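Residue-level listing of the chains:
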Amino acid sequence: DAMVIQNPRYQVTQFGKPVTLSCSQTLNHNVMYWYQQKSSQAPKLLFHYYDKDFNNEADTPDNFQSRRPNTSFCFLDIRSPGLGDAAMYLCATSRDKGANQPQHFGDGTRLSIL
Amino acid sequence: QQPVQSPQAVILREGEDAVINCSSSKALYSVHWYRQKHGEAPIFLMILLKGGEQKGHDKISASFNEKKQQSSLYLTASQLSYSGTYFCGTESANSGYALNFGKGTSLLVTP
């Protein structure tokens, strides 16, 4: 029944140690998004894919990378996590681009940095 | 450009009404509304596409004033399950088809 699945739900990593978060979807949607959400703040878009077309937000740090090997999967790689990267990371999908497309969110991965 | 939501927080008794506002300094293509409970994913509520459009289901409805570049979410006869943080997400000319979310409005409904 789950449509946007994020793994793991909780991730703990050490300062500077690379970490990868994963997202999969069973909706066959063309667009996938990664958001960073810090406590009591709005989700902040990091990047999104329209099919294989990658779009990076201007203020997304270079430390963050993403891969989308196929329609169903998308990964967020943080090369050298800093304490400021501790947050909830949300993956979302939409069927297509356009103003009438709702986004479907996964339950998120909460990342902690030691 | 992040939309501005007001109020930041509201506390209601069950059965009372509330209005949450979302405004932008840019012309908007659409306004999306989501509700997020603590520790959970945001859940889609509705999209408004056209100026003057109003939508609703159950006792939650919204309107979109294109000229004023603002939207309002109306919660009528609130239920305990309405508690959560409400976000508006806006799409404008320079956002492509990505959403800019407001900071959210925290709503608490008490018995």
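No experiment lies behind these values; they were computed from the predicted model shown.

**Brief notes about the overall build of chain A**
- Summing up its helical and strand segments, chain A has zero helices and eleven strands in all.
- For chain A, the N- to C-terminal ordering of α and β elements is β-β-β-β-β-β-β-β-β-β-β.
- Its C-alpha atoms give chain A a radius of gyration of 13 Å, near enough to 13 Å, the size a compact globule of 114 residues would have.
- By its C-alpha atoms, chain A is 40 × 30 × 30 Å across when sized along the principal axes.
- Here chain A, with 114 residues, has 46% of them falling under the buried criterion.
- Expressed as a percentage of contacts within chain A between residues at least 6 apart in sequence, the contacts between residues at least 24 apart total 55%.
- Roughly 5600 Å² of accessible area belongs to chain A as shown, and the carbon and sulfur atoms make up 47% of that amount.
- Of the side-chain charges in chain A, 11 are positive and 10 negative, and the distance between the mean point of each set is 4 Å.

**Some details on the overall build of chain B**
- Along chain B, the regular secondary structure elements total zero helices and eleven strands.
- From first element to last, N terminus to C terminus, chain B shows the α and β order β-β-β-β-β-β-β-β-β-β-β.
- At 13 Å, chain B has a C-alpha radius of gyration in line with the 13 Å of a compact globule built from 111 residues.
- Counting over 111 residues, chain B shows a buried share of 45%.
- Contacts spanning at least 24 positions in sequence make up 56% of the contacts within chain B whose residues lie at least 6 apart.
- Counting only carbon and sulfur atoms, one obtains 50% of the accessible surface of chain B, whose full area is about 5400 Å².
- Positive and negative charge centroids in chain B, built from 10 and 8 side chains respectively, lie 6 Å apart.

**Considering the interface of chain B and chain A**
- In this assembly, 20 residues from chain B lie in contact with 24 residues from chain A.
- Carbon and sulfur atoms supply 64% of the area that chain B and chain A bury against each other, a total of about 1600 Å² over both sides.
- Counting every contact that joins chain B to chain A gives zero salt bridges.
- The tally of links between chain B and chain A comes to two residue pairs in polar contact (both at pLDDT 80 or more).
- The set of elements that each furnish at least two residues to the side of chain B that touches chain A consists of strand 4 (28-36), strand 5 (43-48) and strand 9 (84-92) of chain B.
- Ranked by residue count, the leading element in the side of chain B that touches chain A is strand 4 of chain B, at five residues.
- Here the side of chain B that touches chain A is composed, by residue class, of twelve nonpolar, six polar and two charged.

**So, unusual backbone geometry**
- The amide bond that connects Asn7 of chain A to the next residue, Pro8 of chain A, takes the cis arrangement and shows omega of -10 degrees.
- Considering the arrangement of structural elements, one finds Pro8 of chain A in the loop between strand 1 (4-7) and strand 2 (10-13).
- With an omega of -10 degrees, the peptide bond running from Ser6 of chain B to Pro7 of chain B counts as cis.
- Notably, Asn28 of chain A is not glycine yet its phi reads approximately 60 degrees, a positive angle.
- Positionally, Asn28 of chain A belongs in the loop between strand 3 (19-25) and strand 4 (31-37).
- A positive phi angle, near 50 degrees, is found at Ala77 of chain B, a position not held by glycine.
- Tracing the sequence through the fold places Ala77 of chain B in the loop between strand 8 (70-75) and strand 9.

**Structural notes on the state of the cysteines**
- By the definition in use, this model includes two disulfides over all chains.
- Disulfide pairing places Cys23 of chain A opposite Cys91 of chain A at an S-S distance of 2.0 Å. On the S-S bond that ties Cys23 of chain A to Cys91 of chain A, the torsion sits near -70 degrees, and the link is left-handed. Here Cys23 of chain A, found in strand 3, pairs with Cys91 of chain A, found in strand 9 (residues 87-94); they are 68 residues apart in sequence, far enough to count as distant.
- Since its relative accessible area comes to 1%, Cys23 of chain A is described here as buried.
- Residue classification places Cys91 of chain A among the buried residues on the basis of a relative accessible area of 0%.
- Each disulfide pairs two cysteine sulfurs, and for Cys22 of chain B the partner residue is Cys88 of chain B, the sulfurs being separated by 2.0 Å.

Thresholds, definitions, all that
- Residues numbered from 1 in each chain as written.
- Chains lettered and ligands numbered in written order.
- Predicted model: local features only at pLDDT ≥ 70, side-chain atom pairs only at ≥ 80, totals over all residues.
- Heavy atoms only, no water.
- Helix = DSSP H or I, 4+ residues; strand = E, 2+ residues; numbered from the N terminus.
- Rg over C-alpha atoms; globule rule 2.2 N^0.38 Å.
- Buried < 20%, exposed > 50% of the residue type's maximum accessible area, 1.4 Å probe, protein only.
- Contact = heavy atoms within 4.5 Å.
- Areas by Shrake-Rupley, 256 points an atom, 1.4 Å probe, with all protein chains shown as cover.
- Lys, Arg positive; Asp, Glu negative; His and termini not counted.
- Charge placed at Lys NZ, Arg CZ, Asp CG, Glu CD.
- Buried area = accessible area lost by both parts, 1.4 Å probe.
- Salt bridge = Lys/Arg side-chain N within 4 Å of Asp/Glu carboxyl O.
- Polar contact = N/O pair within 3.5 Å; in protein donor to acceptor, adjacent residues only side chain to side chain.
- Nonpolar A, V, L, I, M, F, W, Y, C, P; charged D, E, K, R; others polar.
- Disulfide = S-S within 2.5 Å.

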